[in-house]
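Per-entry structural report
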Amino acid sequence: MSANVHIQAEDFDVGDEIEALTAELPQTGAVATFVGLVRGGDDLTALTLEHYPGMTEREIARIAEEARRRWALTGITIIHRVGRLTVGERIVLVAVASAHRANAFEACEFLMDYLKTRAPFWKQEERGGTVQWVEHRAADVAAAERWRKP
Amino acid sequence: MNVLYFAWVRQKVGRGEETVEHTSALRTVGDLAALLAARGGGYGEAFGDMARLRAAVNQVHAGLDATLAPGDEIAFFPPVTGG
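Here is a short report on the structure shown in this document. Sequence order sets the numbering: in each chain, residues are counted from 1 along the sequence as written. Chains and ligands are labelled sequentially in the order written, the chains with letters from A and the ligands with numbers from 1. Confidence filtering applies because this is a predicted model: local features only for residues at pLDDT of at least 70, side-chain atom pairs given and counted only at 80 or more, and all residues used for totals across whole chains, interfaces and linings.

1. Description of the environment of A:Thr33
All names here are of chain A. Note the cut-off: Here a helix means four or more residues in a row that DSSP labels H or I, a strand means two or more in a row labelled E, and each is numbered from the N terminus. Contact between two residues is assigned whenever their backbone-derived C-beta positions fall within 7 Å.
Inspection of the secondary structure puts Thr-33 in strand S2 (residues 30-37). For the pair Thr-33 and Ala-95, spaced 62 residues apart in sequence, the C-alpha separation works out to 4.3 Å. Filtering out sequence-adjacent residues up to four positions away, Thr-33 remains in contact with Val-14, Ile-18, Leu-93, Val-94 and Ala-95.

Right, here's the structure in full:
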């Protein structure tokens, strides 16, 4: 099983992605998905996402490989958008297929926590007329840390 | 060596990419960061506090103590904020 990883400016259709993920995998009994959206509030109008081409794909592939080692999975799709996205737009999709739900739920959360702390993306926020880089959050680092095995 | 900059590091140094010759004085990522900081100006701002920066060597996350070789691709960037 290899993960489908896409970095793209275009939007994606969650239903189509689930169909594509499970089409050739009859042993799949569960699909867990996470969709991240541009959250409005505090005058936020848009985000612009920058990435490191090449390293982003490699880092996500490494994260997916780690998930595949830790949980019994049948498929993984990860799509991350780049460029300017307005409030309410989809940013990221993580879809994980497995025989039973526990592995799918856990691996999906693991993948998101690692994406947020390892994959080389950077967000800029537009609020009114000002543009500012987003600072990384200690809570995201802590969320990823809890998956470390003792 | 090819040196890449992303996000506010790119904005402060005013470019996304440049070539820096590998010399015996540039043993580690930290040595390269110190050389860039010493240029002053936007470089001084970007590399003044390495605690705010992260690095990668040949597209793999790396610490300041990671060693460099001719032909390496080194990137400097802020902590990531995707997802």
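That was the structure; now back to the text.
2. Concerning the interface of chain A and chain B
Much of the literature gives interface size as the accessible area that the parts lose upon coming together. Rule in force here: The nonpolar class holds Ala, Val, Leu, Ile, Met, Phe, Trp, Tyr, Cys and Pro. Asp, Glu, Lys and Arg form the charged class, and all remaining residues, Gly among them, are polar.
Across the boundary between the two partners, chain A contributes 22 residues, which contact 13 residues of chain B. Looking at the side of chain A that touches chain B, the element that brings in the most residues is helix H3 (residues 101-118) of chain A, giving 5 residues. When the residues that make up the side of chain A that touches chain B are grouped by side-chain class, the tally is 12 nonpolar, 5 polar and 5 charged.

3. Concerning the packing of helix H2 (residues 55-70) of chain A against H3(A)
Helix packing geometry: the angle between the two helix axes and the distance between the axes. All names here are of chain A. Filter applied, for reference: With axes taken as lines fitted to C-alpha atoms, and helix axes fitted only over the stretch in contact, angles between N-to-C directions fall between 0 and 180 degrees. Under this scheme an angle from 65 to 115 degrees is roughly perpendicular, one under 35 degrees roughly parallel, and one over 145 degrees roughly antiparallel; angles in between are oblique. Note on convention: near helix rotated counterclockwise from far helix by under a right angle means a left-handed crossing. Clockwise means right-handed.
It is at 10 Å that the axes of H2 and H3 come closest, and there the two elements cross at 150 degrees. Compared by their axis directions, H2 and H3 come out roughly antiparallel. Seen from above, H2 lies across H3 with right-handed handedness. Across the interface between the two elements, Glu-59, Ile-60, Ile-63, Ala-64 and Ala-67 of H2 pack against Ala-107, Phe-110, Leu-111, Tyr-114, Leu-115 and Arg-118 of H3. Considered class by class, the residues forming the contact of H2 with H3 number 9 nonpolar, no polar and 2 charged.

4. Focus on the nonpolar core
Generally speaking, soluble globular proteins have nonpolar side chains that are buried together. Put simply, the test is: As used throughout, a nonpolar core is a set of buried Ala, Val, Leu, Ile, Met, Phe, Trp, Tyr and Cys residues joined through C-beta atoms within 7 Å of each other. The burial criterion counts other C-beta atoms lying within 10 Å of a residue's C-beta, which is placed from the backbone; the residue is buried at 20 or more, exposed at 12 or fewer, and partly exposed between these limits.
Residues A:Val94, A:Val96, A:Leu111 and B:Phe6 are the most contacted members of the largest nonpolar core, which totals 53 residues. Per-element tally for this core: the top contributor is H3(A), with 8 residues. Beyond its immediate sequence surroundings of up to four residues, A:Val94 is in contact with A:Thr33, A:Phe34, A:Ile78, A:Cys108, A:Leu111 and A:Met112.

5. What to know about the sheet that holds strand S1 (residues 4-8) of chain A
Residue and element names in this part refer to chain A. Quick note on the threshold: Being paired, for any two strands, means DSSP has found at least two bridges between them.
Here we have 4 strands laid out as an open sheet, ordered S1-S4-S6-S2, and mixed in their pairing. Because the sheet does not close on itself, it has two edges, and the strands there are S1 and S2. Within the sheet, the average angular offset between the axes of one strand and its neighbour, ignoring direction, is 5 degrees. In this sheet, strand S6 (residues 90-98) lies alongside S2 in antiparallel orientation, the contact comprising 8 bridges.

6. Considering the sheet that holds strand S1 (residues 2-5) of chain B
All names here are of chain B. Within the open sheet, the 5 strands sit side by side as S2-S1-S5-S3-S4. Their pairing is mixed. Because the sheet does not close on itself, it has two edges, and the strands there are strand S2 (17-19) and strand S4 (60-62). Within this sheet the neighbouring strands show an average axis-to-axis angle of 25 degrees, counted without direction. Relative to S2, S1 is paired through 3 bridges, and the arrangement is antiparallel. Within S2, the residue paired with Leu-4 across the bridge is Glu-17.

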